[in-house]
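Close look at the chain arrangement
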Amino acid sequence: MKIRPHPVMEGVFIIERDGKTYLATKNLAPGIKVYGEEIVKLKGEEYRIWDPFRSKLAAAILKGMNMSLIRPGIKVLYLGASTGTTASHVSDIVGPNGKIFAVEIASRVMREFMSRVAAHRPNVYPLFFDARTPEEYSDVVGKVDVVYCDVAQPDETEIAINNCDFMLKSGGGLYLAIKARSIDATKPPEEVFKIERRKLTEKGFKIMDIRHLYPFDKDHAMVSAVI
Ligand code: SAM
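Notes on the structure follow. Just so you know, these numbers come straight off a predicted model, no measurement behind them. (Residues numbered from 1 in each chain as written. Predicted model: local features only at pLDDT ≥ 70, side-chain atom pairs only at ≥ 80, totals over all residues. Heavy atoms only, no water.)

Another aspect to go through is the sheet that holds strand E2 (residues 12–17). On the basis of which strands lie adjacent, the open sheet formed by 5 strands has the order E1-E2-E3-E5-E4 and antiparallel pairing. For this open sheet the edge positions go to strand E1 (2–5) and strand E4 (39–42), each flanked by a neighbour on one side alone. Sheet twist, expressed as the mean angle between neighbouring strand axes with direction ignored, is 40 degrees. Bridge count between strand E3 (residues 20–26) and strand E5 (residues 45–50): 4 bridges; the pairing is antiparallel. Its bridge partner being in E5, Leu-23 is matched across the sheet by Trp-50. Here helix H2 (residues 85–94) sits on the sheet in contact with E2, E3 and E5, set at roughly 140 degrees to E5. (Pairing = 2+ DSSP bridges. Helix = DSSP H or I, 4+ residues; strand = E, 2+ residues; numbered from the N terminus. Axes fitted to C-alpha atoms, helices over the stretch in contact; angles between N-to-C directions. Contact = heavy atoms within 4.5 Å.)

Pasting the structure below:
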């Protein structure tokens, strides 16, 4: 087994084992798993294997997207934390000097997020709120370097833009996971992606990249943009 840093993403690692390669992050909460992921120990450190079929962020990295705005020491606003599969890897990446503010609307899901993730990770700040009302939590969060949005709602792009208006620093980055079927199941995914992209450019975002997440996710794309 061998490990090397990811060539673009600081805080992400590539593990080689038996001719296969895996993405991994260094576990900020040693001994604790979040979603049944494999833990491997190498050179005195503990790493969590990152499953691209469970995490759109891992899928986007494997599809060659540059997600390096997410890096050690930064502040991230994460919309749609769910039970913390991806948010926990973001917590690993930003590390002890970074912060991740994780917004989730569903109470049962938030409870799981609390016990699986927030309870073990001092850099995670759970926010039990509707991401449609950023004015209710923006004072607690302040300004962030990156907004990551994966709420899978028809007004996903509007939710992301509104949160960026309140909390994203000038020059900061937005990563938006677009699930075409959640937005408009009657239109071809490609058309949906184009419409959502246009909403961002009309609000002054510069699109950096867009990647389809197939084969990890069907009819999903990740958009990266800066303001
Ligand atoms: N990002 C997660 C991951 O990769 O581990 C998966 C997120 S899942 C696709 C979408 C989540 O967004 C759900 O947990 C859902 O409850 C949450 N959600 C949906 N609408 C929301 C809203 N208006 N505000 C906050 N969370 C919302």
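So, next bit.
Further remarks concern the side chain of His-6. Position of His-6 among the secondary structure elements: in the loop between E1 and E2. Taking the relative accessible area as the measure of exposure, His-6 reaches 16% and is therefore buried. At a separation of 3.0 Å, a polar atom in the side chain of His-6 contacts the main-chain amide nitrogen of Val-8. Here Met-9 takes part through its backbone nitrogen, which lies 3.0 Å from a polar atom of the side chain of His-6. Once residues within four sequence positions are removed from consideration, His-6 is found in contact with Val-12, Phe-13, Ile-14, Leu-23 and Ile-61. (Buried < 20%, exposed > 50% of the residue type's maximum accessible area, 1.4 Å probe, protein only. Polar contact = N/O pair within 3.5 Å; in protein donor to acceptor, adjacent residues only side chain to side chain.)

The next point concerns the sheet that holds strand E7 (residues 99–104). Strand-to-strand pairing in sheets goes through backbone hydrogen bonds, with the strands running parallel or antiparallel. Read from one edge of the open sheet, 7 strands run E8-E7-E6-E9-E10-E12-E11, paired in mixed fashion. Across the chains shown, the open sheet's two edge strands, defined by having one partner strand only, are strand E8 (124–128) and strand E11 (206–212). Neighbour-to-neighbour, the strand axes of the sheet open up by a mean angle of 15 degrees, direction not taken into account. Bridging between strand E6 (residues 75–79) and E7 involves 5 bridges; their strand directions are parallel. If you follow Leu-79 over to E7, its bridge partner there is Val-103. In this fold helix H3 (residues 107–116) packs onto E7 and E8, with an angle of close to 165 degrees to the strand it touches most, E8. The sheet strands contacting helix H5 (residues 156–167) are E6, strand E9 (144–149) and strand E10 (168–179), and the helix crosses E10 at an angle near 165 degrees.

Most of E9 is tucked away: 5 of the 6 residues are buried. Note: E9 against E10, 5 bridges, orientation parallel. If you follow Val-147 over to E10, its bridge partner there is Leu-174. As a crossover connection, the stretch from E9 through H5 into E10 is right-handed. (Right-handed = clockwise from strand over helix to strand, strands pointing away.)

Below, the discussion takes up the site of the ligand. Close contacts around the ligand come from 16 residues, with Tyr-78, Thr-86, Glu-104, Asp-130 and Ala-131 the closest. Glu-104 places a polar side-chain atom, nitrogen or oxygen, 2.6 Å from an oxygen atom of the ligand. In the model, a nitrogen atom of the ligand is placed 2.8 Å from a nitrogen or oxygen of the Ala-131 main chain. Of the residues contributing to the shell around the ligand, the split by class is 6 nonpolar, 5 polar and 5 charged. (Near = heavy atom within 4 Å. Nonpolar A, V, L, I, M, F, W, Y, C, P; charged D, E, K, R; others polar.)

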